[in-house]
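These are the residues of each chain, in order.
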Amino acid sequence: MQCKESRVQKSFLIYQDHCTFFHRHYVSQNYNVPSLKRLLEIRWTSHHDVTKCLVENQDAILSILSEVTEDRAAAVDICTEASGLLMMLRRHNFFEIGKFLLKVLGSLKSANAMLQAHSVDLCCASEVVSASLQALKQMRDEESETLTSMPAPAAKSKRTMSSLLVGSVVTSTVGHAEDSMTPSQALKRALLNILDIAIVEMETRFSKSNLDLMKAVNCLQPQSPSFLDVAMLSPLQKMAKSDSDKLSNEILVAKIMLEKEFKKTNDDENVEFVDLSTICTYLHGYKNAFPQLHRMYVTSLVIGISSASCESSFSTLSRVLTPFRRTMLHERKRNFVILAHEKAITTGLDMGAF
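First, a word on what this report is: a plain description of the structure on this page. Bear in mind the structure is a predicted one, so any value in this text is a computation, not a measurement. (Residues numbered from 1 in each chain as written. Predicted model: local features only at pLDDT ≥ 70, side-chain atom pairs only at ≥ 80, totals over all residues. Heavy atoms only, no water.)

**Section: the overall build of the protein chain**
- On a plain count of helices and strands, the protein chain comes out with 17 helices and zero strands.
- Looking at the protein chain as a whole, 34% of its 354 residues are labelled buried.
- Residue pairs at least 24 apart in sequence account for 66% of intrachain contacts in the protein chain once pairs closer than 6 positions are excluded.
- Of the roughly 22000 Å² of accessible surface on the protein chain, 54% is carried by carbon and sulfur atoms. (Helix = DSSP H or I, 4+ residues; strand = E, 2+ residues; numbered from the N terminus. Buried < 20%, exposed > 50% of the residue type's maximum accessible area, 1.4 Å probe, protein only. Contact = heavy atoms within 4.5 Å. Areas by Shrake-Rupley, 256 points an atom, 1.4 Å probe, with all protein chains shown as cover.)

So this is what it looks like as structure tokens:
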């Protein structure tokens with residue numbers, strides 16, 4: 001697994017080296033360099049955008065690197081770096097892998113767009129994720145067929161064992177490495193390895209249990225057609241360790257209240273989106289009447305279902321963990337994160353009374 005991952009990681013590391021090189025003062029001032037974007041490692045869309053930028057500027061990048069290598073006015077370190085980057089591009093099939101990565105990442109853009117939205121319909125998002133995974137598997141089958149249809153490498157002269165080893169038992173290799181693949185087949189095999197990693201990662205992150213949990217969280221939103229459906233809420237109910245019988249009884253009453261309060265339409269006859277934190281705040285006043293349902297909403301708020309929710313958590317931590325707070329203990333940092341995340345409650349405190 002480590003060797004498979006290194007090919008993708010190496011491609012993006014090479015990209016970052018090119019981005020740094022083209023931003024050097026001498027290169028940017030004397031050559032018409034392409035505008036390469038900075039790679040943001042935590043974003044799917046960033047990997048897609050930088051790969052697309054690099055593939056579209058393939059000819060310009062190769063031309064500039066070749067010119068800088070022969071530029072007598074440039075410093076020795078710049079010429080050496082350009083020569084090394086040019087060799088890296090040619091040695092590692094960089095642009096061939098980039099075109100393939102662009103195809104793989106492009107099939108994931110739809111799922112990424114759904115999960116990035118704050119008002120995401122998680123039922124629809126789970127369907128898009130499943131479709132994206134199926135597209136990757138179909139791509140895997142097609143690439144595998146092209147690999148098997150490639151012609152076999154030309155036969156080489158048969159290697160013979162040394163006469164000195166006649167009558168001996170050989171228990172180790174003697175330097176006769178059989179090269180059974182052509183360069184094109186080796187590249188295709190590497191591309192299949194990349195695709196296998198993407199499929200395994202998608203199946204791990206979006207397993208059936210995780211998709212069912214996404215649908216259960218979506219059932220807590222009043223605009224969902226399956227609002228507070230007891231059967232679909234089962235995965236979340238088990239996670240929250242709520243009593244199923246008590247929860248069913250609470251839903252009979254709470255569903256009427258919540259639909260009356262939140263399921264309103266605007267002038268365009270479209271159901272207005274209400275986030276879960278708003279509903280949870282409303283239910284907090286009825287916590288004694290609906291303890292099981294309130295626990296369900298609280299549990300749903302601490303699950304990082306969408307990438308937008310996860311990024312909000314990281315943004316909160318970056319605001320708390322400033323350079324002046326680097327020496328704080330973990331317990332104090334955790335309390336600060338909670339206060340920052342519950343900003344709506346903390347800003348409403350009467351500081352005089354506090």
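**Quick look at the pattern of salt bridges**
- Under the defined criterion, the tally for this structure stands at nine salt bridges.
- A salt bridge links Glu331 to Arg334; the nearest nitrogen and oxygen atoms lie 2.8 Å apart. With Glu331 and Arg334 both in helix H16 (residues 330–341), this residue pair falls three residues apart, about one helical turn.
- Arg334 gets classed as partly exposed once you look at its relative accessible area, which sits at 38%. (Salt bridge = Lys/Arg side-chain N within 4 Å of Asp/Glu carboxyl O.)

**Examining a nonpolar patch on the surface**
- Among the surface-exposed residues, Leu349, Met351 and Phe354 lie close enough to one another that they form a single nonpolar patch of about 380 Å² accessible area.
- Residue placement: Leu349 occurs in the segment after helix H17 (343–346). (Patch = residues over 30% accessible without salt bridge, like charges linked within 9 Å, V, L, I, M, F, W, Y side chains within 5 Å.)

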